[in-house]
Amino acid sequence: MAQSVVVQVGQCGNQIGCCFWDLALREHASVNKKGIYDDALKNFFRNVDTRGTGISKGRICSLKARAVLIDMEEGVVNEILQGPLKDVFDSKQLITNVSGSGNNWAVGYKVFGSHYRDQIVEKLRQTAEHCDCLQCFFLIHSMGGGTGSGLGTFILNVLEDEFPEVYRFVTSVFPSGEDDVITSPYNSVLAMKELNEHADCVLPIENESLFDIVSKINQMINSGKPGTTVKQQSLVTLNEGGIKKKLDEKPFDKMNNIVANLLLNLTSSSRFEGSLNMDLNEISMNLVPFPQLHYLVSSLTPLYTLADVNIPPRRLDQMFSDAFSKDYQLIQADPKHSLYLACALLVRGNVQISDIRRNIERLKSSLHFVSWNQEGWKTSLCSVPPVGHSHSLLALANNTCVKPTFMELKNRFLRLYKKKACVFDITSFMERNLSVRSLLKFLSFLVCQAALWESLTP
Amino acid sequence: MSVVTVQLGQCGNQIGYEVFDTMCRDLHNTQGFCSKRENEIYQASCKEHFFNEDKSEVPVARALLIDMEPKVISQTLLKAAHSGRWKYGQHSHFCQRQGSGNNWAYGYSVHGPKHEESIMNLIQREVEEYDSLSGFSIIMSMAGGTGSGLGAFLTQNLRDAYPNSFIMNQVIWPYGTGEVIVQNYNSVLTLSHLYRSSDALLVHENDVVHKICAKLMNIKQISFRDVNQVIAHQLGSVFQPTYSSEDSFQYRRNPLGIDWQVRPPLSGLPALEKVSPNKELRFNTSIANLLILRGKDVHSADTGGFKDPALYTSWLQPSDAFCEWRTHRAFNKYEKSAALVSNSQFLLKPLDTIVGKAWNMFASKAYVHQYTKFGIEEEDFLDSFTVLEQIVASYCNL
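Residues numbered from 1 in each chain as written. Chains lettered and ligands numbered in written order. Predicted model: local features only at pLDDT ≥ 70, side-chain atom pairs only at ≥ 80, totals over all residues. Heavy atoms only, no water.

Chain B is annotated in an unreviewed UniProt entry as Tubulin delta chain from Monodelphis domestica. Regarding chain B, the relevant UniProt record gives this comment under Subunit (unreviewed entry): "Found in a complex with TEDC1, TEDC2, TUBE1 and TUBD1." Taken from UniProt, the Function (unreviewed entry) comment for chain B reads in full: "Acts as a positive regulator of hedgehog signaling and regulates ciliary function." (UniProt positions renumbered as here; feature names shortened; annotations may be inferred.)

Per an unreviewed UniProt entry, the recorded name for chain A is Tubulin epsilon 1, and the organism is Monodelphis domestica. What UniProt records for chain A under Sequence similarities (unreviewed entry) is the sentence "Belongs to the tubulin family."

Next up, the structure:
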């Protein structure tokens, strides 16, 4: 069985990462009743004894996450280490600083990148050495700030140089329009260039979409309609305490949980058994028809399960329909009205192949697929459902609906650049001969990308 | 006369398990509709072909389980052991930690050469245990990476290592609407390569089997297990012991010895005239058909319809092209059952469809970089297309 390593960078990356580890432990706890260190656990966790030596089989002694936590401020990582998950990480897996990257991509990439390169390589190697077959790195970061964006994409480069055969899956949180970080458009575009060249697959996430989903769930819970009590366990936003519980839970925790669920569902078919398995290398193989077109729009359903046993369970077919609705996408996009290059359905739980086929037949006619991939569906069936659900669906689409998101980024970049706002802050950290104008060059690939998508639309 | 079954990839292993399970159930079936002695001969013959007997007297399947990731093999071994009726050999499996990623090129060019020695040694050890080898039955899917890519590589190797053995591939044809997006590429590459090394490709189409489950068996929520069990039943009904028309006293038939290799018309002889009123019915033209009848009243069944010249090509006499095997002993509790193995134009439409879709995708070069990464170049694709176009043309002209 192959293993994966999570590299969480910056405040956002670490907060999401923390939710992920909490969720992963809960999921395995509900499936693994006997407490044996099995192959499924092995994917993301090491089993160590009291002296810290790895144990490959037998009873679970102490589980350690296969993770590297990096932040140029200490706040978030310290919180994690003082919270309920403190025993899941050890100090050898961390790199922190105190000063932060000042929301500046160039500081994260150039300054901290060069300063910490050796340490980063060493920590990654150590983590990789604990794996007997390392298949994939999951990088979690945000695009708008300085550390996650700059240092995060620097690490992406390092991963490609040092571990060229290991897949690089990147979960990138894109800034919203009302982001209060002024430089976020610069940071995002500069980071995107790196993602374009060095990531195998990118799962873009937008905070606005996560927020909308959280609101939807809250509305549901508070509606007071009869039969709308939700099974707490099943909430896609539930967090039982990755980070120390505070009196007033921020909405970010709920939003981060959605992303954590995404990552868990993505890897479920490679961890657990099923009648049609899908390994992580199959995601890239099936969903990336051309190397640069590796941005996948994701949607998760169901968001919750109703607790009332008298209400008939939401029909399976509704789950499939929801996955294609724009309300369930994790970026502000509507794939139904754009062009599909490829689509993958990762189903978990009590669902059979005939259910999937029936729904594909039903939905096919309302979706537009590119001419050379008219039946471009990849499916997987994992028998183990997520905690609190009897079945779930993660849809991953390579769809031209990402283009507006990226064009919007370009526009925000240009608005800022026209005023020459903060340009010096960025270029002062880059090579001396990099003129102010050449920042614009970074935009050019985005324009090419857009052209590529345009060419596919009939 | 032993048959070595090689189960490749998730599909191959899942189906292989069902095949042995079906045959074992059939073996112990007391409702054979025949005499006790007859039953005993049947059982002995089946065991000789497909099972070993070990000290515990639980039959051990003559099979090798091969996959590039461990989950399916572990499950399969467990299920067999739990059944209590049969099991797999302790050392009959080979697996790795990371799968082929649905990539034919990875299965063929990376996993193949890397594990060639280990896998061939495993096969050789198995073969050496038998007095005589009937041949190999390789179960694989065309859509994925291991079954398809490694399957093609392995079949080539087997052909080189055992040039005189019969090699038959059970090829699972994927659902038309995606199980895997690159399934058409994988299928085209697999078929073109298998064509050069295999003796026979027995094709099972998921779409067709699905319809059988839905319409004939009325299953509401069809799972892969249901599909696999139907395929296993079909295979079992072909492989289980039979009498040949020449030899009515012994089950000596090689279950893989399906004698309908295509023989070209002898030069100098005029093409036979087809005078038959049934010509208007437009059947798919067959090169050859094999009919297997099992159960009650099997010897009184009238199979004249199968000898109609309208079914066959002009350069073959129906007597050469049609073959029957009949057995009293019923299969799988069916009082009467019939199985037809046909080498005909049946497969033209599915084959043409797959080639068409693959070509359409190839014309835009989509996904090709995933294959060139592992050494399968555009020329290899073009060669494969050429081979398949020739096959399609040959069948069209029957």
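Engineer: Got a minute to help me understand the overall build of chain B in this structure?
Structural biologist: A tally of helices and strands in chain B yields twelve helices and 13 strands. The C-alpha atoms of chain B give 21 Å as radius of gyration, which agrees with the globular expectation for 398 residues (21 Å, within 12%). The principal-axis extents of the C-alpha atoms in chain B amount to approximately 60 × 60 × 45 Å. Across the 398 residues of chain B, 57% fall into the buried class. Summing over all exposed atoms, chain B offers an accessible surface of approximately 17,300 Å²; the carbon and sulfur share of this is 51%. Charged side chains of chain B number 36 positive and 41 negative; the gap between the two group centres comes to 6 Å. (Helix = DSSP H or I, 4+ residues; strand = E, 2+ residues; numbered from the N terminus. Rg over C-alpha atoms; globule rule 2.2 N^0.38 Å. Buried < 20%, exposed > 50% of the residue type's maximum accessible area, 1.4 Å probe, protein only. Areas by Shrake-Rupley, 256 points an atom, 1.4 Å probe, with all protein chains shown as cover. Lys, Arg positive; Asp, Glu negative; His and termini not counted. Charge placed at Lys NZ, Arg CZ, Asp CG, Glu CD.)

Engineer: What's the story with the overall build of chain A in this structure? I'm lost.
Structural biologist: Secondary structure assignment for chain A yields 14 helices and 13 strands. Taken across its 458 residues, chain A has 64% of its residues classed as buried. Sequence-distant contacts in chain A: of pairs separated by 6 or more residues, those separated by 24 or more amount to 80%. (Contact = heavy atoms within 4.5 Å.)

Engineer: Is there a simple way to think about the layout of surface pockets in this case?
Structural biologist: Here the idea is plain: a probe the size of a water molecule rolls over the atoms and shows the empty space left. The space that makes up the second largest pocket amounts to roughly 940 Å³. Along the walls of the second largest pocket sit 37 residues, with Pro164, Glu165 and Tyr167 of chain A together with Lys373 and Phe374 of chain B positioned nearest its centre. Listed by contribution, the elements that provide at least two residues to the lining of the second largest pocket are strand E6 (134-142), strand E7 (167-174), helix H6 (184-198) and helix H9 (280-287) of chain A together with helix H4 (104-128) and helix H11 (368-372) of chain B. Per element, the largest residue contribution to the lining of the second largest pocket is five residues, and it comes from H4 of chain B. Broken down by class, the residue content of the lining of the second largest pocket amounts to twelve nonpolar, 17 polar and eight charged. (1 Å grid on protein atoms, 1.4 Å probe; cavity = no way out; pocket = protein on both sides within 12 Å on 5 of 7 lines; lining within 4 Å. Points joined across faces, edges and corners; volume = space filled by probe spheres on them. Nonpolar A, V, L, I, M, F, W, Y, C, P; charged D, E, K, R; others polar.)

Engineer: Just to check I follow, could you spell out the side chain of Ser223 of chain B for this structure?
Structural biologist: Mapped onto the elements of the fold, Ser223 of chain B is located in the loop between helix H7 (206-216) and helix H8 (224-239). Of the residues examined, Ser223 of chain B reaches a relative accessible area of 12% and is grouped as buried. Those residues in contact with Ser223 of chain B, other than ones at most four positions away along the chain, are Gln352 and Ile353 of chain A.

Engineer: How should I be thinking about the packing of helix H4 (residues 105-129) of chain A against helix H5 (residues 147-162) of chain A in this particular structure?
Structural biologist: In a packed pair of helices, the relevant descriptors are the angle between the two axes and the axis-to-axis distance. All names here are of chain A. As a packed pair, H4 and H5 sit with axes 8 Å apart at the nearest point and diverge in direction by 40 degrees. Taken as axis vectors, H4 and H5 run oblique relative to one another. Crossing of H4 over H5 shows right-handed handedness. Seen from H4, the contacting residues are Trp105, Gly108, Tyr109, Phe112, Gly113, Ser114, Arg117, Ile120, Val121, Leu124 and Arg125; seen from H5, they are Ser149, Gly150, Leu151, Thr153, Phe154, Ile155, Asn157, Val158, Leu159, Asp161 and Glu162. Taken together, the residues of the contact of H4 with H5 sort by class into eleven nonpolar, seven polar and four charged. (Axes fitted to C-alpha atoms, helices over the stretch in contact; angles between N-to-C directions. Parallel < 35°, antiparallel > 145°, perpendicular 65-115°, else oblique. Left-handed = near helix turned anticlockwise from the far one by under 90°.)

Engineer: Whenever I open this one, the sheet that holds strand E5 (residues 87-88) of chain B confuses me. Can you help?
Structural biologist: By way of backbone hydrogen bonds, the strands of a sheet pair with one another, either parallel or antiparallel. Residues and elements named next belong to chain B. An order of E2-E3-E5 is seen for the three strands of this open sheet, with the pairing classed as mixed. Each having just a single partner strand, strand E2 (51-53) and E5 make up the two edges of the open sheet. Relative to strand E3 (residues 59-61), E2 is paired through three bridges, and the arrangement is antiparallel. Paired with Asn52 across the strands is Val60, a residue of E3. Against the sheet, helix H2 (residues 36-50) makes contact with E2 and E3, and its axis sits at roughly 100 degrees relative to E2, the strand it touches most. (Pairing = 2+ DSSP bridges.)

Engineer: I'm lost on the packing of helix H6 (residues 183-197) of chain B against helix H12 (residues 378-396) of chain B in this one. Help?
Structural biologist: All names here are of chain B. Between H6 and H12, whose axes approach to 9 Å, the crossing angle comes to 70 degrees. Judged on the interaxial angle alone, H12 and H6 are roughly perpendicular. Along this stretch, H6 crosses H12, giving a crossing that reads as left-handed. Across from Tyr185, Val188, Leu189, Leu191, Ser192, His193, Tyr195 and Arg196 in H6, the residues of H12 making contact are Asp380, Phe381, Ser384, Phe385, Val387, Leu388, Ile391 and Tyr395. A breakdown of the residues in the contact of H6 with H12 according to their chemical character gives eleven nonpolar, three polar and two charged.

Engineer: For this particular structure, what's the right way to read the nonpolar core?
Structural biologist: Across soluble globular proteins, nonpolar side chains have a tendency to be buried as a group. Among the nonpolar cores identified, the biggest contains 137 residues, and Trp21 and Ile283 of chain A together with Ile123 and Tyr371 of chain B are the most heavily contacted of them. Ignoring any residue separated from it by four or fewer positions in sequence, one finds Ile123 of chain B in contact with Leu64, Phe136, Leu154, Leu158 and Tyr162 of chain B. Met319 of chain A together with Ile73, Ala80 and Met168 of chain B belong to the second-largest nonpolar core, a separate cluster that totals 65 residues. (Core = buried A, V, L, I, M, F, W, Y, C linked by side-chain atoms within 4.5 Å.)

Engineer: Quick question: what am I supposed to make of the sheet that holds E6 of chain A here?
Structural biologist: Residue and element names in this part refer to chain A. Spatially, six strands are ordered E5-E4-E1-E6-E7-E8 in an open sheet, and the strand pairing comes out parallel. The outermost strands of the open sheet, each flanked by one partner alone, are strand E5 (94-96) and strand E8 (201-206). Ignoring strand direction, the axes of neighbouring strands in this sheet form an average angle of 15 degrees. Examined bridge by bridge, strand E4 (residues 67-71) and E5 share three bridges and lie parallel to one another. Within the sheet, the bridge partner assigned to Ile70 lies in E5 and is Ile95. With respect to the sheet, helix H1 (residues 10-31) is in contact with strand E1 (3-9), E4, E6 and E7, its orientation differing from that of E1 by roughly 140 degrees.

Engineer: Is there a simple way to think about the packing of aromatic side chains in this case?
Structural biologist: Here a ring pair, both rings aromatic, is described through the centre-centre distance and the interplanar angle of the planes. All told, the structure shown has 40 aromatic pairs over all chains when counted by the stated rule. A connected cluster of aromatic rings, assembled from ring pairs, spans Phe20, Trp21, Phe44, Phe45, Phe89, Phe138 and Phe169 of chain A. Residue placement shows Lys365 of chain B over the ring face of Phe362 of chain B; its charged tip is 4.7 Å from the ring centre. (Phe/Tyr/Trp six-rings, centres within 6.5 Å; stacked < 30°, edge-to-face > 60°. Lys NZ or Arg CZ within 6 Å of the ring centre and 35° of its normal.)

Engineer: What is the right way to read empty space enclosed by the protein from this model?
Structural biologist: By the definition in use, this model includes eight cavities of 30 Å³ or more. By volume, the largest cavity is sized at about 520 Å³. Looking at the largest cavity, it is lined by 37 residues, and the ones nearest its centre are Leu276 of chain A together with Gln10, Cys11, Ser141 and Gly144 of chain B. Elements with a minimum of two residues in the lining of the largest cavity: strand E12 (377-382) of chain A together with helix H1 (9-27), helix H5 (146-161), strand E8 (166-173) and H8 of chain B. Broken down by element, the lining of the largest cavity gets its largest block of residues, six residues, from H1 of chain B. Across the lining of the largest cavity, the residue classes tally to eleven nonpolar, 19 polar and seven charged.

Engineer: Could you clarify how one ought to interpret the side chain of Arg62 of chain B in this entry?
Structural biologist: All names here are of chain B. Here Arg62 is to be found in the loop between E3 and strand E4 (63-67). Although buried, Arg62 forms no salt bridge, and the nearest oppositely charged side chain, Glu126, lies 6.0 Å from it. A polar contact of 3.1 Å, which involves the side chain of Arg62, links it to the backbone oxygen of Phe51. (Salt bridge = Lys/Arg side-chain N within 4 Å of Asp/Glu carboxyl O. Polar contact = N/O pair within 3.5 Å; in protein donor to acceptor, adjacent residues only side chain to side chain.)

Engineer: Even after reading the chapter, I still don't get the interface of chain A and chain B, so can you show me in this structure?
Structural biologist: One frequent convention defines the size of an interface as the accessible area lost when the parts assemble. Opposite the 47 residues of chain A that make contact, chain B presents 39 residues. When the buried area of chain A at its contact with chain B is split by residue, Met285, Arg357 and Trp372 of chain A rank highest and sum to 20% of it. Our count for the chain A to chain B interface comes out at three salt bridges. Residue Arg357 of chain A pairs with Asp207 of chain B through a salt bridge whose shortest N-O separation is 3.2 Å. Of all the secondary structure elements, the ones that give two or more residues to the side of chain A that touches chain B are E6, helix H8 (251-271), H9, strand E10 (339-349), helix H11 (353-364) and E12 of chain A. When residues of the side of chain A that touches chain B are assigned to their parent elements, the largest contribution, seven residues, is made by H11 of chain A. In terms of residue class, the side of chain A that touches chain B is built from 20 nonpolar, 16 polar and eleven charged. (Buried area = accessible area lost by both parts, 1.4 Å probe.)

Engineer: Any chance you could explain the pattern of salt bridges here in plain terms?
Structural biologist: Charged atoms that come close allow side chains of opposite charge to pair. Residues and elements named next belong to chain A. Under the defined criterion, the tally for this structure stands at 29 salt bridges over all chains. Of the charged contacts, one joins Arg348 and Glu27 as a salt bridge, the two residues approaching to 3.0 Å between their closest N and O atoms. Here Glu27 lies in helix H1 and Arg348 lies in strand E10, a separation of 321 residues in the sequence. Note on accessibility: Arg348 and Glu27 belong to one class, buried. One salt bridge in this structure joins Glu282 and Lys378, with 2.9 Å as the shortest N-O distance.

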